[in-house]
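# Working through the structure, step by step
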Amino acid sequence: MRSTILLILVLAAVVGLYRIGTDPYRTALPMEVEDLSPIEPQLAKLPPEDRELVTDYLKRSNGDVLPAQFADPDDPLTARTFAEAIALEKTHREKMKVEQARLAAFRAERDAQFKPLRDIVAARIVNRQELTEAEIYGAPGAGQPLRDNERRSTVITYRFWNRGNRTITTLRGLVEVAGSGLMPAASCWIDDSSPIGSLDHRDVRCRTPKDANAADRALMQRPIAEIPLGWYPREIRFDDGQVLKGPQ
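## Considering the sheet that holds strand β6 (residues 230-238)
Ordered by their spatial adjacency, four strands build an open sheet running β4-β3-β6-β7, and the pairing between neighbours is antiparallel. At either margin of the open sheet sits one strand with a lone partner, and together these are β4 (186-192) and β7 (243-245). Each strand of the sheet is rotated relative to its neighbour by a mean of 15°, with strand direction disregarded. For strand β3 (residues 168-177) and β4, the ladder comprises seven bridges, and the chain directions are antiparallel. What sits directly across from Val-177, in β4, is Ala-186. In the packing of helix α4 (residues 82-118) onto the sheet, contacts are made with β6 and β7, and the angle to β6 comes to roughly 45°.

Okay, here's the thing in structure tokens:
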């Protein structure tokens, strides 16, 4: 009787170990995420949706595993198995949906506040040039061959159209190209007191950041019409003394 019970326990342990070895959800996450070929057989056993959740989690965590006490309580990166990664990625996506909805509502409200000023002054990019310091500032030597270690900077020309029927005497605001990360790929603060007549325009040149990353530099090299520009007018003054102010 004792030997029978022992045999049953051994068989149960063997079955348990077999299930652990064949259950893809128990697969340990790799530390290196550049090459996922070692876990491809286990990934292939997952339904497509779960497979995507695992790979997205790995991209987001970059293979890092943080102890629970050091992890962000709102978005922890503590998964060690496929199952844990799937659960955390699902939670992350739900939180992102809520955050995206909140940001969309915020942007819609801000756009509504900017609209009266944007209806009067429109902004767009009309030129993009690669210039040396001498060419930017019109210093002697402009147009000459590059010297050692001399770099060209990307300079954007923004055009501001006065769509109204009154002369604008002061224009203040921000033009911005959203970047690949948190920082913009290009931005320019406009504080111009040169008059812009009715249905006339004024061009302003600004240099893009020298330390822009590769993705932002590639963005700025797109055809001009494809570069997404945000225009955030803060103040418009007219020759009759009226002042329109946008959100600060």
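## Quick word on a negative patch on the surface
A grouping of Glu-32, Glu-34, Asp-35 and Glu-40 is seen on the molecular surface, where their side chains present a negatively charged patch. Positionally, Glu-40 belongs in helix α2 (residues 40-44). Residue Glu-40 is classed as partly exposed on the basis of its relative accessible area of 40%.

## Some remarks on α4
Each α-helix winds once per 3.6 residues, and so residues spaced three or four apart point in a common direction. The largest bend in α4 amounts to roughly 30° and is located at Ala-112, with the proline Pro-116 lying one to four residues further along. Within α4, the full set of buried residues consists of Phe-82, Ala-85, Ile-86, Leu-88, Glu-89, His-92, Phe-114 and Leu-117. At its buried positions, α4 is contacted by α2, α3 (48-61), β1 (121-131), β6 and β7.

## Some remarks on the sheet that holds β1
Spatial strand order, β1-β2-β5: three strands in an open sheet with antiparallel pairing. Strand pairing shows two members of the sheet lacking a second neighbour, β1 and β5 (201-207), which therefore form its edges. Pairwise comparison of adjacent strand axes, ignoring direction, gives a mean angle of 20° for this sheet. Two strands pair when backbone bridges link them, and β1 and strand β2 (residues 153-162) are joined in this way by ten bridges, in the antiparallel orientation. Looking across to β2, one finds that Glu-130 is bridged to Thr-154.

## Overview of the packing of aromatic side chains
Inspection of every chain in the model, using the stated rule, returns two aromatic pairs. Between Phe-160 and Trp-231 the ring centres are 5.1 Å apart and the planes differ by 55°, which places this aromatic pair in the tilted class. Placement of Phe-160 in strand β2 and of Trp-231 in strand β6 is noted, with a sequence separation of 71 residues between them. For the pair Phe-160 and Trp-231, one class covers both residues: buried. Sitting over the ring of Phe-238, Arg-166 keeps its end group 3.9 Å from the ring centre.

## What to know about the nonpolar core
The biggest cluster of nonpolar side chains holds 24 residues, and the ones touching the most others in it are Val-121, Tyr-158, Phe-160, Ile-168, Leu-171, Val-177 and Ile-236. For this core, the secondary structure elements donating two or more residues are β1, β2, β3, β4, β5, α6 (214-220) and β6. For Val-177, the residues in contact, after removing those within four places along its chain, are Ile-125, Pro-184, Ala-185, Ala-186, Leu-219, Met-220, Ile-227, Pro-228 and Leu-229. Formed by 16 residues, the second largest nonpolar core is a distinct cluster that contains Val-33, Leu-43, Phe-82 and Ile-86.

## A word on the pattern of salt bridges
Scanning all chains against the criterion turns up 16 salt bridges. Its salt-bridge partner being Asp-56, residue Arg-93 comes within 2.6 Å of it at the nearest N-O pair. With Arg-93 in helix α4 and Asp-56 in helix α3, this pair connects stretches of sequence that are 37 residues apart. Close ionic contact of Arg-172 with Asp-191 constitutes a salt bridge, the shortest N to O distance being 2.9 Å. Residue Arg-172 is located in strand β3, and its partner Asp-191 is located in strand β4; the two are separated by 19 residues in the primary sequence. According to the relative accessible area criterion, Arg-172 is partly exposed, its value standing at 25%.

## What about unusual backbone geometry?
The phi torsion of most residues other than glycine is negative, and most of the peptide bonds are trans. For Asn-62, which is not glycine, the phi torsion reads 60° and is therefore positive. Structurally, the position occupied by Asn-62 is in the loop between α3 and α4. For Asn-62, a relative accessible area of 47% translates into the label partly exposed. Here the phi dihedral of Leu-199 falls at roughly 60°; this positive angle occurs in a residue that is not glycine. Here Leu-199 shows up in the loop between β4 and β5.

## Focus on the environment of Gly-173
Within the secondary structure layout, Gly-173 lies in strand β3. Along the backbone, Gly-173 and Trp-189 are 16 residues apart, and their C-alpha atoms lie at a distance of 6.0 Å. The contacts of Gly-173, once residues within four sequence positions are left out, are Cys-188, Trp-189, Ile-190, Trp-231, Tyr-232, Pro-233 and Arg-234.

About the criteria used
Residues numbered from 1 in each chain as written. Predicted model: local features only at pLDDT ≥ 70, side-chain atom pairs only at ≥ 80, totals over all residues. Heavy atoms only, no water. Pairing = 2+ DSSP bridges. Helix = DSSP H or I, 4+ residues; strand = E, 2+ residues; numbered from the N terminus. Axes fitted to C-alpha atoms, helices over the stretch in contact; angles between N-to-C directions. Contact = heavy atoms within 4.5 Å. Patch = residues over 30% accessible without salt bridge, like charges linked within 9 Å, V, L, I, M, F, W, Y side chains within 5 Å. Areas by Shrake-Rupley, 256 points an atom, 1.4 Å probe, with all protein chains shown as cover. Salt bridge = Lys/Arg side-chain N within 4 Å of Asp/Glu carboxyl O. Lys, Arg positive; Asp, Glu negative; His and termini not counted. Charge placed at Lys NZ, Arg CZ, Asp CG, Glu CD. Buried < 20%, exposed > 50% of the residue type's maximum accessible area, 1.4 Å probe, protein only. Bend = angle between axes of the 7 residues up to and from the residue. Phe/Tyr/Trp six-rings, centres within 6.5 Å; stacked < 30°, edge-to-face > 60°. Lys NZ or Arg CZ within 6 Å of the ring centre and 35° of its normal. Core = buried A, V, L, I, M, F, W, Y, C linked by side-chain atoms within 4.5 Å.

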